[in-house]
Structure formats: structure tokens, C-alpha cells
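# Coordinate analysis (summary)
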Amino acid sequence: MVERTAVIAALDAVIDPVSGQGLVAAGLVQGLVVAEDRAGFALEVDRRQVAAYAPVRDAAEAALKAIPGMARVSVILTAEAASAPAPRTAGLSKAAVDQGRPKAPVPTDRPAHVRRVLAVASGKGGVGKSTVAVNLAVALARRGLSVGVLDADVYGPSLPTMLGVSGQPAYEDGAIVPHIAHGLKAMSVGLLTRMDDAMIWRGPMASQAITQMLSQTRWGTAEAPLDVLVVDLPPGTGDVQLTLIQKTPLDGAVIVSTPQEVALADARRAHTLFQKVGVPTLGLIENMSGDVFGRGGGKAEAERLSVAFLGELPLDPALREAGDAGRPLAAADPSGEMARRFDAIAAATASALGL
Ligand SMILES: Nc1ncnc2c1ncn2[C@@H]1O[C@H](COP(=O)(O)OP(=O)(O)OP(=O)(O)O)[C@@H](O)[C@H]1O
Ligand SMILES: [Mg+2]
């Protein structure tokens, strides 16, 4: 069991070259998470000095690893937000506030040169949310839109695998340069650290990393704005998700569900969560339709919720194999049945977003 005090002491023994103080005293340590045998935090520095701080990050990592009992360490280097963003309170119900979350309006950074931000969400894990996010992004791009995809799933970032991208992103003039894969600009929480460490990110550190990826990635430029950014949210309807959707300036959400009643109940909860923060649910997608789980539950549920039903995606091993191989099926087999279904979903989604 690692003590938080030991972690703070170790970090304060690493000197910030700019202020000459320890890292904690200098206010550079954000979102520190200490859990049993693991620790992680974001080292937040001036955006012009991100590259210069790489050795400091390495020193901090080494200092934490030297603590007895420490098994896993995750330090991400982040640039300070440039300006004070406007608070977002739209549609936040009094009930949500009364439950004590959030305590204050959470600020939101609108990413520059991004026309629309679309969330792909699910109430439950493992229903195919990431598969849908990636293939929907490909389908949107195939319709001629410029598309980015942001993997904000702090519990299990899967976009690097599904798109076949790896390696820390480059920084240029204080901005993160996204990877490009299958015609998409891509960023993942899994690219900011070793992938198996991302799971220790909770609460403040997760929000920090996502805010950074959202607002500091060069998604588009004034001349060539990004049409739509597809965000793969972590599954579930708890506090982490609530914070994320409040911090993310979303124009709409699509909810992925399997036909099972239990997954549909979770889809309902996801819809309620978006309603709470005033983000329109653009529709529901039934994934893994077929013999094992039945089918049709998604359409009925969409009717109950009065949201659009965007379509069924059958259980298809080729979809999984393509994802595992880093080549989304909508790109690998663009004339196939699955690509056609994703195209129909993309058409409906783009139209709902006014694209
Ligand atoms: N329609 C489908 N047919 C066959 N396999 C599928 C289908 N949809 C998703 N899968 C497979 O199911 C698994 C889970 O899918 P995916 O990772 O997209 O779900 P997720 O909701 O993002 O999960 P997590 O909660 O872990 O993030 C993956 O192996 C994926 O390839
Ligand atoms: Mg996923």
C-alpha cells in the first residue's frame, strides 16, 4: 500500500527548473491519483514549454517508481489551457445539482475549428460502442466530411488497436498533432500513456487528459475546419461519465445498445444522463442483433424514448476481426453490407447534426 504522503514527498523532491521549487509546491501536479500500488498525475506546464519538460516528467516517473511497493506509474505531460472558458450549465437539472454533482458549473473548452462534436455512448460496457464510433467515423469520412475521432474511454481505450495507431503524439507550437489513420484524425487517451496504465485514470486526471485532447489537439484549421469530431465515451452512467459530458461541448449523442433488456435499460439511463445536461440524443443503434441476443429491442426502446432509431448492426465476426486487425470494416470492405449499414447511420447522423 503506497501512501499519498510518500508520493507527494517524492514529487516535491523533483525540482521544477523554472521556479526552482518542488513539483508539488510549484503547482505543476494535477489530478494526482494514488491507489494501492499505483500512482498517476498530469504534469501541467505552460504550453510553450511542453517539450522542455519531458526530462522533468521522466524524473518524476523515476522518483515515483523508486517508492517501495509502487508497481505502476503514469505521468502525462499536459499544456495549460490557454484561456478561461465559458461555463456550461445548459439544461443541468436542479435534481442533479441537489445530488451534489457537480458542485460548481464545470468549464468547457470548445475545440477550435471543429464544427460539430458527436458522442458515441452506451450505458453498458462491451456493447460495441468503440466499434460503432470508429466505423461511423469512417462512414462519415466516406461521405466527404473531414472527421476526427477522440477515444475518451479512460476505462479501456481501444482506438489505437481498432485504427492501428501507436506512439505518443507529436507537439507542434504547443498543439498536439493527431495521428492520421484511414482518413481520420485520431487521438486516444491510450496514446498519452502506456495503454495498460490508462485504467488508473479516474476523476480529475481523466478529465484533465480529455480536456487536453479535446481542446489542444489540432483537429482543424481556420482554412480547413474539421466537420465532425466523434468522441468514444467511457461506458456507463456514473459520475465519471457525467463529468465528461459536462466538460465536453457535445452537439449530440448516439447511444449503442445490444437487444437485451438489461442493455436497453442501461441505454435508457444514458439517454437520461444526456437529457440532464441538455445534449440531444440523436438516436439509438442496436448492435449485435441476431440469434443469441434476439433483435428488435432497440427499435422498440427508441420509440419508448422518442428518439430516432438509427439501425441494426448484426452480429458479424468480420466486424470484430477487422477491429482487432486495426482496419475498420467500413474501410476494409467499403462495398459490403456492414459498410452500407454504417453509411445509412452516417447519413442520418450527419443530417441530424446539420452537416
Ligand atoms: N456487430 C458485431 N459483431 C461481432 N462482433 C462485434 C460486433 N460489435 C462489436 N463486436 C466485438 O465485440 C467486442 C466489444 O466491442 P467494442 O470494443 O466495440 O465494445 P465497447 O462497447 O466499446 O466495449 P468497452 O466497454 O470495453 O469499451 C469487440 O471484440 C468487437 O470487435
Ligand atoms: Mg470501447
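First things first, this report covers the structure right here in the doc. Please read these numbers as outputs of a predicted model, since none were measured by experiment.

## Details of the site of ligand 1
Neighbouring ligand 1 are 17 residues, the closest being G126, K129, S130, T131 and D316. One of the side-chain nitrogen or oxygen atoms of T131 is found 2.5 Å away from an oxygen atom of ligand 1. D153 is positioned with one of its side-chain polar atoms (N or O) 3.1 Å from an oxygen atom of ligand 1. Across the complex, the protein chains shield 80% of the 620 Å² of accessible surface that ligand 1 would expose by itself. Here the shell around ligand 1 gets three residues from one element, more than from any other, and that element is helix α4 (residues 129–142). Among the residues forming the shell around ligand 1, the class breakdown is seven nonpolar, six polar and four charged.

## Structural notes on the nonpolar core
The tendency in soluble globular proteins is for nonpolar side chains to be buried side by side. In terms of nonpolar packing, the biggest core is built from 82 residues, with L140, L163 and F274 touching the most fellow members. The element best represented in this core is α4, accounting for eight residues. Mapped onto the domain boundaries, this core takes at least three residues apiece from domain 1 (4–79) and domain 2 (107–352). Not counting residues within four places of it along the chain, the set of residues in contact with F274 comprises A119, A121, L233, I245, L250, A253, I255, V279 and T281. If you look at the next biggest cluster of nonpolar residues, it comprises 24 residues, including L23, F41, V50 and A60.

## Digging into the packing of helix α8 (residues 261–276) against helix α9 (residues 297–305)
Orientation of α8 relative to α9, taken along the N-to-C sense of each, is 35 degrees, at an axis distance of 11 Å. Every pair of crossing elements has a handedness; the one defined by α8 and α9 is right-handed. Taken together, the residues of α9 that come into contact with α8 (itself represented by L264, R268 and H271) are G297, G298, E301, R304 and L305.

The rules behind each value
Residues numbered from 1 in each chain as written. Chains lettered and ligands numbered in written order. Predicted model: local features only at pLDDT ≥ 70, side-chain atom pairs only at ≥ 80, totals over all residues. Heavy atoms only, no water. Near = heavy atom within 4 Å. Polar contact = N/O pair within 3.5 Å; in protein donor to acceptor, adjacent residues only side chain to side chain. Areas by Shrake-Rupley, 256 points an atom, 1.4 Å probe, with all protein chains shown as cover. Helix = DSSP H or I, 4+ residues; strand = E, 2+ residues; numbered from the N terminus. Nonpolar A, V, L, I, M, F, W, Y, C, P; charged D, E, K, R; others polar. Core = buried A, V, L, I, M, F, W, Y, C linked by side-chain atoms within 4.5 Å. Buried < 20%, exposed > 50% of the residue type's maximum accessible area, 1.4 Å probe, protein only. Domains from an automatic or database assignment. Contact = heavy atoms within 4.5 Å. Axes fitted to C-alpha atoms, helices over the stretch in contact; angles between N-to-C directions. Left-handed = near helix turned anticlockwise from the far one by under 90°.

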